[in-house]
Structure formats: C-alpha cells, structure tokens
Amino acid sequence: MPFLSDTLARVKPSPTIAVSNLAAELKAKGQDVIGLGAGEPDFDTPQNIKDAAIAAIVAGKTKYTAVDGIPELKAAICAKFKRDNGLTYTPAQVSVASGGKQILYNALMATMNPGEEVIIPAPYWVSYPDMVLLAGGTPVFVEGPSQNAYKITPADLEAAITPKTKWFIFNSPSNPTGAGYTADELKGLTDVLMRHPHVWVMTDDMYEHLAYDDFKFATPAQVEPGLYDRTLTCNGVSKAHAMTGWRIGYAAGPVALIKAMSKVQSQSTSNPCTISQWAAVEALNGPQDYIASNNAIFKRRRDLVVSMLNAIPGMTCPVPEGAFYVYPAITGLIGKTSAGGTLIDNDETFAKALLEEKGVAVVFGGAFGLSPCFRISYATADETLREACTRIQDFCAALT
Ligand SMILES: Cc1ncc(COP(=O)(O)O)c(C=O)c1O
C-alpha cells in the first residue's frame, strides 16, 4: 500500500514558489541573483491597516471567529462589491478565507466530482490546474496565444464546453500575462456562457485594482447579470492593499455554494486569522488613495521592462493592461546556444541558463501552460528591474 495518496501524485508543487526559493537559496550562498519570480507587491502594508490590526490585538479580538468571516468584514465586502462592481450581495452570500487561494480551493473542493471538467484559459495562474486535480476534477485548457495578447475568443470557449464542464475559471487582469479583458471582450465570453446554463463561472478578480492607462476593469456578473446566479466572484486584499502575508481572500455568490465552501473550511482551517480580518475591514472601508499612487509606480516599471525587453531581437513583449507581470514570447531565440554552452531548446532551458549565467530568476512559460515564453514580476525597484533587463539583454545578445 503506497503511503502517499494517488491524488497527490497528480499534483506538482507551485513552480513560482520553487523559483523564488531557488533565487533565495543562491543569494544566501553569496551569489549575485535578482529574483523576478515573486508575485507580491514590494510596497509595505499601509499604516492605517497595520494600526487596525494592532487595535484589534489590544482590544482582545484574538479568539476564533465565525468560520467564513466576521460580520464587520462581510459588510465591508458587500459595500466593496456595490461600490466597485455595481454588484449587490448580502452577507450570507459572502465567504472569507485565508487568502484568495483558499477561496478558490474551497469552491473547487465543495463542488467537483470525478470526471467533471474545469475550463482554464492558458497561460494560467499555476495553482488553477493543480487545485482542480486535487479536487478530483479534470482541467481543460483553452489557449490564448501571444498574437491575441494572451486572450481567448468566444469561439475558443464555445469549443471547449462539454456536458461535463462544471466551471469556467476567468482571471483578468491575468497572472501571468497581465492581460485584461475589456467589458466588450468579456461580453463575448459571457454570451457563450449564457447558452450553456450548466457551466458556472469562477472569476478571480485578484488584480482588479492593478490596471493601467485607461483600462476599465469588468467582472462577469456585472457584464452579464444573467450569470449572477451561477457566478462566484472572488477577490482579496493581498495585491491591491499590499497584504500578501495577512492571508485574507473573499468571494460572493449563491448562498448554497457559500455554505458548502464554509463546510470545507470548517473542517480544514476554521476561520481566517482574526486579526487579519480586522485589518481587512480597514483595508476595504478606509482610504483607497495609495492604490492610485502604487499603480503610478507599477505603470512606470511596466513601461521600463516592456521597452527594454522589446529591444531584444527574437523577443516580443505585449503591453499588459494590468497586474504586475509581463510575459514575453521568445520564439525567435529557440534553437540558439548561450555563451555558457546551453542549447536553448525551450523556455525552461532559457530560464535555467539565464539564472546560471546572469543571475536573473524568471519563471518559464511552461509552468503557466504557454511556451515559449517567460514571466517577469516587475513588483520590485526600478533600478533592480533596469539591471535585470540589462542582464537579459546581454544574455540574449550573446546567444549564437
Ligand atoms: C491570479 C491569482 N489569484 C489568486 C492568488 C492568491 O492570492 P492570495 O495570496 O490572496 O492567496 C494569486 C496570488 O499570486 C494570483 O496571482
């Protein structure tokens, strides 16, 4: 009898966390490594949010709470959905978990049965397919190619739907590409979903507030109210409020689904951290002005990275609408050999040689389901980005 479960054998550890760990390991050994793998803002959590957490501790708000969130946070979440998305939810339709990741995990664990399918646009956030597999389902990928700015078309979505499709996972702006769907583009997809009433929508709006230029964020239940009853609108404070370590994510959707998700959570982590919940109340109800100032910095960094990467022959980097990632395609570099003698036969060997020869850690596109590409997180200082991109330029210039 094997000790480890068969389910676990189908799942791989997060490749993005692996890259961050490898970069940290090499740094600890004294190597000059620039890590561009981490998916978190380099900004500190705003002081008013920290103060709210300290006040919660001082006031003794340090005990267990209701499984899926304190009423004050649920009320703040309902107000947020109304304010930002024009969506009306009651507290009974809201669930809070230990990060956006746990929200998605709870929803999949609560709904998937063997043989059921989940449609995931590729490139995708690394955790979607593995969470579907852990929950016993089957991921079905729909490719959004670089020529279409990494977005899928309504026809692609239509072709992927089968009688076994349970969920369509939607993520805009996207990790790993930063691509954002306009309301019109999204309407094309929701029109398809309206023709298939058995398909539910799990929209991961984690990067809602990280949008640049004049891009306007849109979410499925807002664009197509007809989908409201079969949409789980997921979000969290991690990225927009620089609160990755606080571990608070949330979602709103039909009461029966929310109750089922709460059941999963009640038998795993109980409630999300009490103190973090009070901090999240302040994040959602307090001033939001730092989001715009952080975004101005992110946009400057995006423009810097995109222009430096597009100056490399053989590399094409679409300009993303949001998040803090770029996803350059390296089709023109495949088949070349690095100065250190590595044959660049795919994006994994590219990323490995770049790390070994130039000390720049990026995540290879294969990890996100679309090659040959790689992902850079530009949530780091301008000077670091400039140095990293110069090293990438040097690395590519030396390819023969
Ligand atoms: C698309 C996407 N969804 C969800 C998450 C999870 O966020 P959290 O840190 O709140 O679990 C991430 C984090 O990287 C993400 O990129």
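Residue positions within a chain follow its written sequence, with the count starting from 1. Totals for whole chains, interfaces and linings use every residue, but because this is a predicted model, local features are given only for residues with pLDDT of at least 70 and side-chain atom pairs only at 80 or more, for both listing and counting. To obtain the side-chain values, all non-hydrogen atoms of the structure were used and water was disregarded.

### Re the overall build of the protein
Right, on to step 1. Helices and strands together make up the secondary structure of the protein, namely 14 helices and twelve strands.
Right, on to step 2. C-alpha atoms define the radius of gyration, and 2.2 Å times the number of residues to the power 0.38 defines the globule rule. At 21 Å, the protein has a C-alpha radius of gyration in line with the 21 Å of a compact globule built from 400 residues.
Right, on to step 3. Taken along its principal axes, the extent of the C-alpha atoms in the protein is 60 × 55 × 55 Å.
Right, on to step 4. Carbon together with sulfur atoms contributes 58% to the accessible area of the protein, which is approximately 16100 Å² in total.
Right, on to step 5. Positive: Lys, Arg. Negative: Asp, Glu. His and the chain ends are not part of the count. For this purpose, a charge sits on NZ of Lys, CZ of Arg, CG of Asp or CD of Glu. Between the centroid of the 33 positive side chains of the protein and the centroid of its 39 negative side chains there is a distance of 4 Å. Runs of H or I in DSSP of at least four residues are treated as helices and runs of E of at least two as strands, each being numbered from the N terminus. The accessible surface values rely on the Shrake-Rupley method and a 1.4 Å probe; as for residues, cover is taken only from the protein chains in view.

### Some details on the side chain of K74
Right, on to step 1. Residue position: K74 is located in helix α4 (residues 71–85).
Right, on to step 2. Other than its neighbours up to four places away in sequence, K74 contacts D68, G69, P91 and V94. By definition, residues are in contact when any of their heavy atoms lie within 4.5 Å.

### Some thoughts on the environment of P272
Right, on to step 1. By secondary structure assignment, the location of P272 is in the loop between α10 (255–266) and α11 (274–285).
Right, on to step 2. Look at P272 and you get buried, because its relative accessible area is 0%.
Right, on to step 3. In this structure, the C-alpha to C-alpha distance between P272 and I258, residues 14 residues apart in sequence, is 15 Å.
Right, on to step 4. Other than its neighbours up to four places away in sequence, P272 contacts T65, V67, V96, A97, S98, I248, Q265 and Q277. Exposed residues in this analysis have more than 50% of their type's maximum accessible area, buried residues have under 20%, and partly exposed residues fall in between, with area computed by a 1.4 Å probe over protein chains only.

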